[in-house]
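# Notes for the structure review
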Amino acid sequence: DAGITQSPRHKVTETGTPVTLRCHQTENHRYMYWYRQDPGHGLRLIHYSYGVKDTDKGEVSDGYSVSRSKTEDFLLTLESATSSQTSVYFCAISRGPNTEAFFGQGTRLTVV
Amino acid sequence: DQQVKQNSPSLSVQEGRISILNCDYTNSMFDYFLWYKKYPAEGPTFLISISSIKDKNEDGRFTVFLNKSAKHLSLHIVPSQPGDSAVYFCAASATSGTYKYIFGTGTRLKVLA
């Protein structure tokens, strides 16, 4: 299995509080991604990174920010959590073009 | 605007028969396509991929077909087994520019014993 660890695995937080999810990889892959999975919507790309300090927006980036200060860590921050951000969040890593992405186990976030 | 579409939310197939899952895409820049399988409470796992220079790729019981002119791909599972019951996602990517994967909404496959 690809070395990807997401933390925490489960979190319940209150509306309006900041939340940071962490993705850690031991594969030295260049690309890292954050997706959210919601019923009826599949997997939607939030933000991704193509190198240290190089990030870009995905399909559903509003309300989220990311940072990648070193190759192995990609952080996803909800600046002020809302109930619409209740979801399962997946991190993925990839070597790049014409290769597959490997996913972490997911973080279940509930905003109450 | 959804660039990758899986129009069948669910599919039921008898054990031993063929399962065919379909996927359509709209972005002509996509040139690499993948299928993933997902069990509840787990992350998606990679199944099979195909480059746009091919129209078929096979790996054991799994075959992916690509029809570029129709912007359509399909995953065939033969024979289907109860352990194949899962949600299947197709994904597409473009090798030009920064590299990202766009996923469809998924098809839930149920293989009946």
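So, here is what we can say about the structure in this document. (Residues numbered from 1 in each chain as written. Chains lettered and ligands numbered in written order. Predicted model: local features only at pLDDT ≥ 70, side-chain atom pairs only at ≥ 80, totals over all residues. Heavy atoms only, no water.)

Right, let's get into the overall build of chain B. Within chain B, the secondary structure is distributed over zero helices and 11 strands. Counting from the amino terminus, helix and strand elements in chain B follow one another as β-β-β-β-β-β-β-β-β-β-β. Taking 13 Å as the expected radius of gyration for a compact globule of 113 residues, we find that chain B reaches 14 Å, a close match to that expectation. The principal-axis extent of the C-alpha atoms belonging to chain B is close to 45 × 30 × 20 Å. (Helix = DSSP H or I, 4+ residues; strand = E, 2+ residues; numbered from the N terminus. Rg over C-alpha atoms; globule rule 2.2 N^0.38 Å.)

Residue and element names in this part refer to chain A. Looking at the secondary structure, you find Asp62 in the loop between strand S6 (54-57) and strand S7 (64-70). The exposure class assigned to Asp62 is exposed, which follows from its relative accessible area of 70%. Separated by 16 residues in the primary sequence, Asp62 and Leu78 have C-alpha atoms spaced 9.5 Å apart. (Buried < 20%, exposed > 50% of the residue type's maximum accessible area, 1.4 Å probe, protein only.)

Our next topic: the packing of aromatic side chains. Residue and element names in this part refer to chain B. Inspection of every chain in the model, using the stated rule, returns 18 aromatic pairs over all chains. With 5.8 Å between their ring centres and 70 degrees between their planes, Tyr36 and Phe46 make a pair best called edge-to-face. Taken together, the positions of Tyr36 in strand S4 (residues 32-38) and Phe46 in strand S5 (residues 45-51) put the pair 10 residues apart, joining distant regions of the chain. According to the relative accessible area criterion, Tyr36 is buried, its value standing at 0%. Residue classification places Phe46 among the partly exposed positions, given a relative accessible area of 28%. When the ring of Tyr99 is compared with that of Tyr101, the centres are 5.0 Å apart and the planes differ by 75 degrees; the resulting orientation is edge-to-face. On the accessibility criterion, Tyr99 (0% relative accessible area) is buried. Given a relative accessible area of 0%, Tyr101 falls into the buried group. (Phe/Tyr/Trp six-rings, centres within 6.5 Å; stacked < 30°, edge-to-face > 60°.)

As a further point, take the sheet that holds strand S1 (residues 4-7) of chain A. Residue and element names in this part refer to chain A. Spatially, four strands are ordered S1-S3-S8-S7 in an open sheet, and the strand pairing comes out antiparallel. Both edges of this open sheet fall to S1 and S7, since each of them pairs with a single strand only. Strand-to-strand twist across the sheet, computed as the mean angle between neighbouring axes with direction ignored, equals 15 degrees. Pairing of S1 with strand S3 (residues 19-25) involves four bridges; the strand directions are antiparallel. For Ser7, the partnering residue across the bridge sits in S3 and is Arg22. (Pairing = 2+ DSSP bridges. Axes fitted to C-alpha atoms, helices over the stretch in contact; angles between N-to-C directions.)

All right, on to the state of the cysteines then. Residues and elements named next belong to chain A. Throughout the structure, instances matching the rule amount to two disulfides over all chains. Two residues share a disulfide in this structure: Cys23 and Cys91, whose sulfurs sit 1.8 Å from each other. Negative torsions about the S-S bond denote left-handed disulfides, and the value of about -70 degrees found for Cys23 with Cys91 makes this one left-handed. Pair noted here: Cys23 is in strand S3 and Cys91 is in strand S9 (residues 87-94), with a separation of 68 residues, a long-range link. (Disulfide = S-S within 2.5 Å.)

By themselves, these figures tell us nothing about what the structure is for.
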